[in-house]
Amino acid sequence: MGGVTGTPSTPWRVHGPQLTPAETKSRSHALFAELHTLAEGSPERRTHRDDLVRLHLPLVEHCARRFLNRGEPFDDLMQVGTIGLIKAVDRFDDERGVEFSTYATPTILGEIKRHFRDKGWAIRVPRRLQELRMSIGKASADLSQELGRSPTAAELAARLGVEVEEVLEGLESANAYATLSLDAGDDAEDSPGSMLDTLGEDDEGLAHVEIRESIKPLIETLPARERRILLLRFFRGMTQSQIAAEIGVSQMHVSRLLSRTLDHLRTEMREVG
């Protein structure tokens, strides 16, 4: 049996001649038979346990490769999968007549999936929402196939036995799974640069805030008809002809009222200033 090397950045690696499946199965049975005869905590038991872990590392590698290209380094997947393998070794009962690989595979896959669930979120969200999001994804796929369309939140809630608000909360939590760095750029040649370069620009509307707040008390002192004309003209964007039809006067009269009102507001603003 070959040795195993590993560092904090480079986990388990199996070297030396690889055993055939039959040889691995035979060796595994022998090691587990001996392991159960050894005292807990004894050096011999720890050695047998380590030998079993080394023997089944190819199973971890097989499981980890199923999750390639999902945003997590392969070395990290191997480390997490190996934790699942160790748990399986510690819990396995060879007398049940089940092959260890059959028993260990769900445990290894479970550890890897838990890693994605716990570590793959860009923003930490409660475990309840993480699990709910996974349930919603499965229910959505099933219902889409049954209904021939995307299910509504109410239909998802009914399938999962939860409130609609919980479904909406679970769907919203999906936004925490991935984020974009403010330093991320665009590969296009005419790209302005990073996202950060496009943020923090001057808001042209801010320049008018002080003016609007200053003039608001003056507008409130105007007669109701003049206030309505200002509202229709400057806040609803209506033309003088449209305003005339709205309030039942001629366009010329609207023009005179508007001009007089604006002159009045300018005079009042100068006096206030």
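Residues numbered from 1 in each chain as written. Predicted model: local features only at pLDDT ≥ 70, side-chain atom pairs only at ≥ 80, totals over all residues. Heavy atoms only, no water.

In the nomenclature of an unreviewed UniProt entry, the chain is known as RNA polymerase sigma-28 (SigD/FliA/WhiG) subunit of Nocardioides aurantiacus.

Novice: Even after reading the chapter, I still don't get the overall build of the chain, so can you show me in this structure?
Specialist: Looking only at helices and strands, one finds 12 helices and 2 strands in the chain. Across the chain, helices and strands are ordered from the amino to the carboxyl terminus as β-β-α-α-α-α-α-α-α-α-α-α-α-α. Out of the 273 residues belonging to the chain, those deemed buried represent 27%. In the chain, the proportion of contacts linking residues at least 24 apart, taken out of those at least 6 apart, comes to 52%. (Helix = DSSP H or I, 4+ residues; strand = E, 2+ residues; numbered from the N terminus. Buried < 20%, exposed > 50% of the residue type's maximum accessible area, 1.4 Å probe, protein only. Contact = heavy atoms within 4.5 Å.)

Novice: What exactly am I supposed to notice about the environment of Arg-114 here?
Specialist: Along the chain, Arg-114 turns up in helix α5 (residues 100-119). Taking the relative accessible area as the measure of exposure, Arg-114 reaches 34% and is therefore partly exposed. As for Arg-114 and Val-80, which are separated by 34 residues in sequence, their C-alpha atoms are 9.2 Å apart.

Novice: Teacher, can you tell me more about the packing of aromatic side chains here?
Specialist: Note on aromatic pairs: each is described by the distance of the centres and the angle between the planes. On inspection of all chains with the given rule, the structure shows 4 aromatic pairs. A centroid spacing of 5.1 Å and a plane angle of 45° characterise the contact between Phe-32 and Phe-100, whose relative ring orientation is tilted. Of this pair, Phe-32 sits in helix α1 (residues 21-35) while Phe-100 sits in helix α5, placing them 68 residues apart in sequence. Of the two residues, Phe-32 and Phe-100, both sit in the buried class. Seen from their ring centres, Phe-92 and Phe-100 are 5.2 Å apart, and the 80° between their planes marks the pair as edge-to-face. Assessed through its relative accessible area of 3%, Phe-100 is described here as buried. Taken together, the ring pairs connect Phe-32, Phe-92, Phe-100 and Tyr-103 into an aromatic cluster. Directly above the ring of Phe-74 sits Arg-65, whose terminal nitrogen or CZ lies 4.7 Å from the centroid. (Phe/Tyr/Trp six-rings, centres within 6.5 Å; stacked < 30°, edge-to-face > 60°. Lys NZ or Arg CZ within 6 Å of the ring centre and 35° of its normal.)

Novice: I keep staring at the pattern of salt bridges and nothing clicks. Help me out?
Specialist: Opposite charge on two side chains lets them pair, provided their charged atoms get close. For the coordinates displayed, the defined rule picks out 13 salt bridges. For the salt bridge of Asp-51 with Arg-54, the shortest nitrogen-to-oxygen distance reads 3.4 Å. One end of the pair, Asp-51, and the other, Arg-54, are both in helix α2 (residues 43-55), 3 residues apart, so they sit about a helical turn from each other. A residue is classified by how much of its surface remains accessible, and Asp-51, at 25% relative accessible area, is partly exposed. The closest approach of N and O atoms between Glu-61 and Arg-65, which form a salt bridge, is 2.9 Å. A residue is classified by how much of its surface remains accessible, and Glu-61, at 31% relative accessible area, is partly exposed. Accessibility expressed as a relative area gives 45% for Arg-65, which makes it partly exposed. Each of the salt bridges in this network shares a partner with another, and the network as a whole consists of Lys-87, Glu-111 and Arg-114. (Salt bridge = Lys/Arg side-chain N within 4 Å of Asp/Glu carboxyl O.)

Novice: Looking at this model, I keep getting lost on helix α3 (residues 57-64). Mind explaining?
Specialist: Because an α-helix completes one turn every 3.6 residues, residues spaced three or four positions apart along the sequence face the same direction. Those residues of α3 not exposed but buried are Leu-57, Leu-59, Val-60, Cys-63 and Ala-64. One side of α3 carries all its buried residues, which in axial view fall inside an arc of 155°. (Arc of directions from axis to C-beta.)

Novice: Please clarify how the confidence of the model for the chain should be interpreted in this entry.
Specialist: Parts of the prediction with low pLDDT should not have their coordinates interpreted in detail. Summing up the model confidence of the chain, the mean pLDDT is 77 and the portion of residues at 70 or higher is 73%. Averaged pLDDT values for the elements of the chain fall to 40 in strand β1 (residues 4-5) and rise to 92 in α3. Within the model, the stretch residues 1-16 combines pLDDT values under 50 with 31 contacts to residues more than four positions away or in other chains. (pLDDT = per-residue confidence, 0-100.)

Novice: What's the story with a nonpolar patch on the surface in this structure? I'm lost.
Specialist: On the surface, a cluster of nonpolar side chains totalling about 230 Å² of accessible area is made up of Val-164, Leu-168 and Leu-171. As for its placement among the helices and strands, Leu-171 is situated in helix α8 (residues 164-173). (Patch = residues over 30% accessible without salt bridge, like charges linked within 9 Å, V, L, I, M, F, W, Y side chains within 5 Å. Areas by Shrake-Rupley, 256 points an atom, 1.4 Å probe, with all protein chains shown as cover.)

Novice: What exactly am I supposed to notice about the UniProt feature "domain: RNA polymerase sigma-70" (unreviewed entry) in the chain here?
Specialist: Using the residue numbers shown here, the UniProt feature "domain: RNA polymerase sigma-70" (unreviewed entry) corresponds to residues 76-89. For residues 76-89, the helix share is 100%, the strand share is 0%, and the end-to-end C-alpha distance is 20 Å. (UniProt positions renumbered as here; feature names shortened; annotations may be inferred.)

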